[in-house]
Amino acid sequence: MNQYEKTSDVELVTLSLVDKECFSYLVRRYQDKIYRYIKRISSFSDDLVGDIIQNTFIKTYINLNSFDTRMQFSSWLYRIAHNETISFLRKNKKHIEATLFPDDSMELFLSDIHIENTKHGSEMQELLWKAINQLKQKYRDIIILKYFEHKSYDEISDIIQKPPGTVATWLSRAKGDIKKFLVLHNYTHHE
């Protein structure tokens, strides 16, 4: 095992400022997570996601001196990835749909909004993603960060640069809109 694999993010940032080779350990630690996140909020091709990831890590490395060590490095990195993706979306001015990466997050999400899953497999996944995709971008981003990237309110606040109260309000609105959509499409509402 490499000596840097168990080194904390903050320590790797500090080491990277002295030895740029250390930054590669941060890249390896986060590249798959950042890939999934960008893919979820954009549905870009693998090539475009690769370009955004590259830009994200370049921008991260260039700005390492400005990293606030009181913040989680992962939140800061997600913020940069988020901003790079949104910037690309705005430049291309086309509606992009979120993409599912199957895991147990979907059932947890449905349980949290008090919707019983009455559909199976890909049919249920497709309907949920249609519900998520009908949301405003800011609401969609928060749903993805909370339920599919498993970020806390504080982490989401850091990533999207909005107060935690705004995150809670937007999340509540997004869940309400999704619940209405799913109830209209024959999901069962339960309390």
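Residues numbered from 1 in each chain as written. Predicted model: local features only at pLDDT ≥ 70, side-chain atom pairs only at ≥ 80, totals over all residues. Heavy atoms only, no water.

Enquirer: How would you summarise the layout of surface pockets if you had to cite specific residues and measurements?
Expert: One number sums up the size of the largest pocket: a volume of about 290 Å³. The wall of the largest pocket is formed by 15 residues, among which His82, Ile86, Arg90, Lys138 and Asp141 lie closest to the centre. Of all the secondary-structure elements, those providing two or more residues to the lining of the largest pocket are helix H4 (73-92), helix H7 (137-148) and helix H8 (153-160). With six residues, H4 is the single largest residue contributor to the lining of the largest pocket. For the lining of the largest pocket, a count of residues per class yields six nonpolar, five polar and four charged. (1 Å grid on protein atoms, 1.4 Å probe; cavity = no way out; pocket = protein on both sides within 12 Å on 5 of 7 lines; lining within 4 Å. Points joined across faces, edges and corners; volume = space filled by probe spheres on them. Helix = DSSP H or I, 4+ residues; strand = E, 2+ residues; numbered from the N terminus. Nonpolar A, V, L, I, M, F, W, Y, C, P; charged D, E, K, R; others polar.)

Enquirer: Tell me about unusual backbone geometry, residues and numbers included.
Expert: At His150, a position not held by glycine, the phi torsion is positive, near 60 degrees. When you line up the elements, His150 lands in the loop between H7 and H8. Overall, His150 belongs to the partly exposed group, its relative accessible area being 47%. (Buried < 20%, exposed > 50% of the residue type's maximum accessible area, 1.4 Å probe, protein only.)

Enquirer: Report on the nonpolar core, specifying residues and quantitative values.
Expert: Core analysis: the biggest nonpolar cluster contains 58 residues, and Ile34, Phe73, Leu128, Ile143, Ile178 and Leu182 have the highest contact counts within it. Here the element with the most residues in this core is helix H2 (residues 23-42); it accounts for nine residues. Dropping the residues within four chain positions of it, Ile178 is found in contact with Phe109, Ile113, Leu128, Ala131, Ile132, Gln134, Leu135 and Ile143. (Core = buried A, V, L, I, M, F, W, Y, C linked by side-chain atoms within 4.5 Å. Contact = heavy atoms within 4.5 Å.)

Enquirer: Summarise the environment of Ser74; cite the residues concerned and give the values.
Expert: Inspection of the secondary structure assignment puts Ser74 in helix H4. Given a relative accessible area of 8%, Ser74 falls into the buried group. In this structure the C-alpha to C-alpha distance between Ser74 and Val10, which are 64 residues apart in sequence, comes to 9.9 Å. Not counting the four nearest positions on each side in its chain, Ser74 is found in contact with Asp9, Tyr30, Lys151 and Glu155.

Enquirer: Summarise the pattern of salt bridges; cite the residues concerned and give the values.
Expert: Across all of its chains, the model carries six salt bridges by this definition. Its salt-bridge partner being Glu149, residue Arg40 comes within 2.7 Å of it at the nearest N-O pair. One end of the pair, Arg40, is in helix H2; the other, Glu149, is in the loop between H7 and H8, with 109 residues separating them in the sequence. Here the two residues Arg40 and Glu149 agree in accessibility, since each one is buried. (Salt bridge = Lys/Arg side-chain N within 4 Å of Asp/Glu carboxyl O.)

Enquirer: Explain the environment of Leu182 to me, and be specific about the residues and the numbers.
Expert: Of note, Leu182 is situated in helix H9 (residues 164-184). With 52 residues separating them along the chain, Leu182 and Lys130 place their C-alpha atoms 9.4 Å apart.

Enquirer: Before we move on, could you go through the packing of H7 against H8 and cite the residues and values that matter?
Expert: Here H7 crosses H8 at 140 degrees, and the two axes come no closer than 10 Å. On the basis of their axis angle, the class for H7 and H8 is oblique. Relative to H8, the crossing made by H7 is right-handed. For the pair formed by H7 and H8, the contact residues are Ile142, Leu145 and Lys146 on the first element and Tyr153, Ile156, Ile159 and Ile160 on the second. A class-by-class count of the residues in the contact of H7 with H8 yields six nonpolar, no polar and one charged. (Axes fitted to C-alpha atoms, helices over the stretch in contact; angles between N-to-C directions. Parallel < 35°, antiparallel > 145°, perpendicular 65-115°, else oblique. Left-handed = near helix turned anticlockwise from the far one by under 90°.)

Enquirer: Tell me what's going on with H9, and back it up with residues and numbers.
Expert: With 21 residues, H9 extends 30 Å from end C-alpha to end C-alpha; this agrees with the ideal 30 Å at 1.5 Å per step. Residues of H9 that are buried include every one of Val167, Trp170, Leu171, Ala174, Lys175, Ile178, Phe181 and Leu182, and no others. Projection of H9 onto a plane perpendicular to its axis shows the buried side chains occupying an angular sector of 135 degrees, all on one side. For H9, exposure combined with an orientation more than 90 degrees from the buried face picks out Lys180 and Leu184. (Expected span 1.5 Å × (residues − 1). Arc of directions from axis to C-beta.)

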